[in-house]
Amino acid sequence: MESSTETASNAGATIPESNRGRLRKVRGPKRGRGEKGLWDSVKQQKYLYFMSIPFVIWVFVFSYLPLWGWTMAFQNYKPAKSFSDQKWVGLNNFIELFQDERFYLVLRNTLAMSLMGIVFGFVVPIFFAILLNELRGMLFKRFVQTISYLPHFVSWVVVAGLVTKMLSIDGGIVNDLLIALHIVDEPIQFMAKGSWFWYIVTASDIWKETGWNTIIYLAAITGIDQEQYEASRVDGASRWRQMWHITLPGIRSTIAVLFIMAIGHLVSNGFEKQFLLGNSLVTDYSEVLDLYALNYGINLGRFSYGTAIGIFNSLVSILLLFTANGIFKKLTKESIM
Amino acid sequence: MTNKAFNATRSEKLFDLFNYILMALIVVLTLYPFLNVLAISLNNSTDTVRGGIYIWPRQFTLENYKTIFQYDGLLQGLQISILRTLVGTVLGLICGSMLAFTLSRVEFRARKFISTFLALTMYFSGGMVPVFILMRDLHLLGSFWVYIFPGLISAFNVFVIRSFMDGLPYALQESAKLDGANDFTIYWKIILPLCKPVLATIALFLAVGQWNAWFDTYLYNGGAPQWTTLQYELMKILQSTQQGGSSMANSNDMAKQMAQISPESIKMAITITVTLPILMVYPFLQKYFVGGMTLGAVKS
């Protein structure tokens, strides 16, 4: 057990890490030259500065400057005025947000779909990777893999179109099948029923991303020491037992890291699918925080209110990330941060 | 896994059978929607209404494709989509690899600072409204460049390229330096040509991202019809005909016009047009992106 975890965590990292270590050793002596003085090294490395500083500015403008926009949440922001002329309102926007009933509905939808997405979107790829690994025909395995990546490369617009088509009442395969199998008499209007919406979003997500998400697990499985399989076979372990006692523990650390990253994105897991799959009949189930921010913040021009929603979103994400990391640390004495 | 004969018990065989059937089922489940849409797009549109088209067209015709390419909006959208994909991919590759190159140089003094500065962007974002305000203040609303500028540098891509560069032998740079080459020449003439595999991966990511993007068009260029993209046109057409219709899609005339007269087949023809370019490239780049993903995951 112990050794298998170690193998897995090393397996992925071995190649690049060892390379870097080697390079550092080779480059070691060169360092001394650069430590003559700051100015000398800047002059000596001027090309490197020319080649990186424009991009640093770039990143600052497009990623860091918007953080400054968070001040809007504490103002009654009016687009025509300059920063010094804005009226500061303290936490009013947040108070208004927490008093809006709609907000709690939206929060419920966000958490529900995110949780479902994590539970299924996380478990299914692991099982898919393990089963894929058990295929013996290499050609068939490659074929299945290639096909399974396909939906990842298609936009959500197209996926939403496909899903709507498959679930439609005229000519949709799902209804056709249900009727042919006499499970229902009347076609179901899936897209018009709010209660179906969360499941449709989750299923679409699984359909689109499962193949893609297996890549990392398959790589981790490849790193498991083959001798363990040999040894267990000598001991008479069945394929099930091998999967359960070797493969699964072997990718344990990969699973943990990806799980915590997934938790970090729990609240901010996007709105594209909800936007594209939703319609006016199901908004009570389809509206998520980002869509709420879009509708209020941009479409209605309430920039301050929209920013407050965005800040709430970020804070919850960070809180969840730290909580998950804390629990993980307690359980395994490891940390990803 | 190696010696089959050793372990071919009955339960093992049963497991294999079950596994193969399951995998075949997954393949069917993945492929069917595409084949169905393709069949409908190639079928006579009045005949399609009768239903019962699955994976083979009943009355084959190319009429639907002819029809959609008669709309100016669609042709223009196609042009903009191709343009943004080309420009976005090429610029993104150059900028990302150039920054990655400087970060792969261990002796570079600012390396640590820039790495951290860049890595932090993976964990936070200003949010939709502040970014929108920024685009407005930079006068990028209603312009083509709003598709290109914000995504020019992606931390994930830069780190993937850097990991690859770290694996290249340092002696190459050393000898080029002795020959009097400056850092830019080393990057352009020596390192870049060696990075083809990783650049292919990143190019695929960038191109797919550009081709599939629709939300930036919706948010920033909704009122600028000359910059609308194919993906956005498809979004409008699909949204405006969905049950109940979405109140948020501020569809302009073209979308409405198409929605009213467009039967199922036409929508499906556009869906195929939007999907086809990607389906044609990704299998060839598969070996690269699998490596790239693994590299990225390890590093970040």
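As a further point, take the overall build of chain A. Scanning chain A for helices and strands turns up 17 helices and two strands. A buried classification covers 50% of the 337 residues belonging to chain A. Across chain A, the fraction of contacts at a sequence separation of at least 24, relative to all contacts at a separation of at least 6, is 67%. For chain A, the exposed surface amounts to about 16700 Å²; the carbon and sulfur share of it is 65%.

Per the counting criterion, the structure on display carries 20 salt bridges over all chains. Notably, a salt bridge pairs A:Arg136 with B:Asp16, separated by 3.5 Å at the nearest N-O pair. Pair noted here: A:Arg136 is in the loop between helix H6 (101-133) and helix H7 (138-149) and B:Asp16 is in helix H1 (residues 10-41), and the two residues belong to different chains. On the basis of relative accessibility, which here comes to 15%, the residue B:Asp16 falls in the buried class. Salt-bridge contacts for B:Asp137 lead to B:Arg136; the nearest nitrogen and oxygen are separated by 3.0 Å. For B:Arg136, a relative accessible area of 23% corresponds to the partly exposed category.

What follows concerns the side chain of B:Ser115. All names here are of chain B. Note on placement: Ser-115 falls in helix H5 (residues 111-120). With relative accessibility at 14%, the residue Ser-115 sits in the buried group. Excluding its chain neighbours within four sequence positions, the residues that come into contact with Ser-115 are Leu-103, Phe-159 and Arg-162.

Take helix H6 (residues 128-137) of chain B next. Among the 10 residues that make up H6(B), seven are buried, leaving the element largely enclosed by the rest of the structure. What H6(B) keeps buried is the set B:Met128, B:Val129, B:Pro130, B:Phe132, B:Ile133, B:Leu134 and B:Met135. Buried residues in H6(B) make contact with helix H4 (46-68), helix H16 (289-299) and helix H17 (303-332) of chain A together with helix H11 (215-220) of chain B. At the exit of H6(B) stands B:His139, carrying a positive phi of roughly 60°.

Right, let's talk about the state of the cysteines for a bit. Residues and elements named next belong to chain B. Per the counting criterion, the structure on display carries zero disulfides over all chains. With no disulfide of its own, Cys-95 lies closest to Cys-195 among cysteine sulfurs, the gap being 15 Å. You can call Cys-95 buried: its relative accessible area is 10%.

Let us now look at the packing of H16(A) against H6(B). Following both chains from N to C, one finds H16(A) and H6(B) inclined at 45°, their axes separated by 9 Å at the closest point. Taken together, the axis directions place H16(A) and H6(B) in an arrangement best described as oblique. Contacts between H16(A) and H6(B) involve A:Asp290, A:Ala293, A:Leu294, A:Gly297 and A:Ile298 from the first element and B:Met128, B:Val129 and B:Phe132 from the second. Broken down by class, the residue content of the contact of H16(A) with H6(B) amounts to six nonpolar, one polar and one charged.

What follows covers the environment of A:Pro125. Residue and element names in this part refer to chain A. Checked against the element boundaries, Pro-125 lands in helix H6. Of the residues examined, Pro-125 reaches a relative accessible area of 1% and is grouped as buried. Between the C-alpha atoms of Pro-125 and Tyr-217, which are 92 residues apart in sequence, the distance is 8.1 Å.

This next bit is on the interface of chain B and chain A. The interface of chain B with chain A comprises 108 residues on the first partner and 106 residues on the second. Taking both partners together, chain B and chain A bury about 10000 Å²; carbon and sulfur atoms supply 71% of that area. Viewed at the interface, chain A and chain B are joined by five salt bridges. Put simply, chain B and chain A have 22 residue pairs in polar contact (both at pLDDT 80 or more) between them. No other element matches H1(B), which puts 19 residues into the side of chain B that touches chain A. Looking at the side of chain B that touches chain A, its residues break down into 70 nonpolar, 24 polar and 14 charged.

Applying the stated criterion to the full structure yields 47 aromatic pairs over all chains. Both rings, one in A:Tyr149 and one in B:Phe289, keep their centres 5.5 Å apart while their planes meet at 70°; by these two values the pair is edge-to-face. Taken together, the positions of A:Tyr149 in helix H7 and B:Phe289 in helix H14 (residues 264-299) put the pair across two chains. Seen from their ring centres, A:Phe275 and B:Trp214 are 5.0 Å apart, and the 50° between their planes marks the pair as tilted. Of this pair, A:Phe275 sits in helix H14 (residues 272-277) while B:Trp214 sits in the loop between helix H10 (196-212) and H11, on two different chains. By relative accessible area, A:Phe275 is classed as buried at 1%. Among the residues examined, B:Trp214 registers a relative accessible area of 1% and is labelled buried. Cluster of aromatic residues (ring-pair linked, three or more members): A:Trp58, A:Phe62, B:Phe144, B:Trp145, B:Tyr147, B:Phe149 and B:Trp227.

All names here are of chain A. Across the interface, H7 lies against helix H10 (residues 194-222) with an axial gap of 7 Å and an inter-helix angle of 130°. By the criterion of interaxial angle, the relationship of H7 to H10 is oblique. Mapping the contact onto sequence places Gln-145, Ser-148 and Tyr-149 in H7 and Gly-211, Trp-212, Thr-214, Ile-215 and Leu-218 in H10.

Moving on, we get to unusual backbone geometry. Positive phi values are uncommon outside glycine, yet A:His182 reaches one of about 60°. Structurally, the position occupied by A:His182 is in the loop between helix H9 (173-180) and H10. Of the residues examined, A:His182 reaches a relative accessible area of 68% and is grouped as exposed. Although it is not a glycine, B:His139 adopts a positive phi angle of roughly 60°. Mapping B:His139 onto the fold places it in the loop between H6 and helix H7 (155-166).

Calculation criteria
Residues numbered from 1 in each chain as written. Chains lettered and ligands numbered in written order. Predicted model: local features only at pLDDT ≥ 70, side-chain atom pairs only at ≥ 80, totals over all residues. Heavy atoms only, no water. Helix = DSSP H or I, 4+ residues; strand = E, 2+ residues; numbered from the N terminus. Buried < 20%, exposed > 50% of the residue type's maximum accessible area, 1.4 Å probe, protein only. Contact = heavy atoms within 4.5 Å. Areas by Shrake-Rupley, 256 points an atom, 1.4 Å probe, with all protein chains shown as cover. Salt bridge = Lys/Arg side-chain N within 4 Å of Asp/Glu carboxyl O. Disulfide = S-S within 2.5 Å. Axes fitted to C-alpha atoms, helices over the stretch in contact; angles between N-to-C directions. Parallel < 35°, antiparallel > 145°, perpendicular 65-115°, else oblique. Nonpolar A, V, L, I, M, F, W, Y, C, P; charged D, E, K, R; others polar. Buried area = accessible area lost by both parts, 1.4 Å probe. Polar contact = N/O pair within 3.5 Å; in protein donor to acceptor, adjacent residues only side chain to side chain. Phe/Tyr/Trp six-rings, centres within 6.5 Å; stacked < 30°, edge-to-face > 60°.

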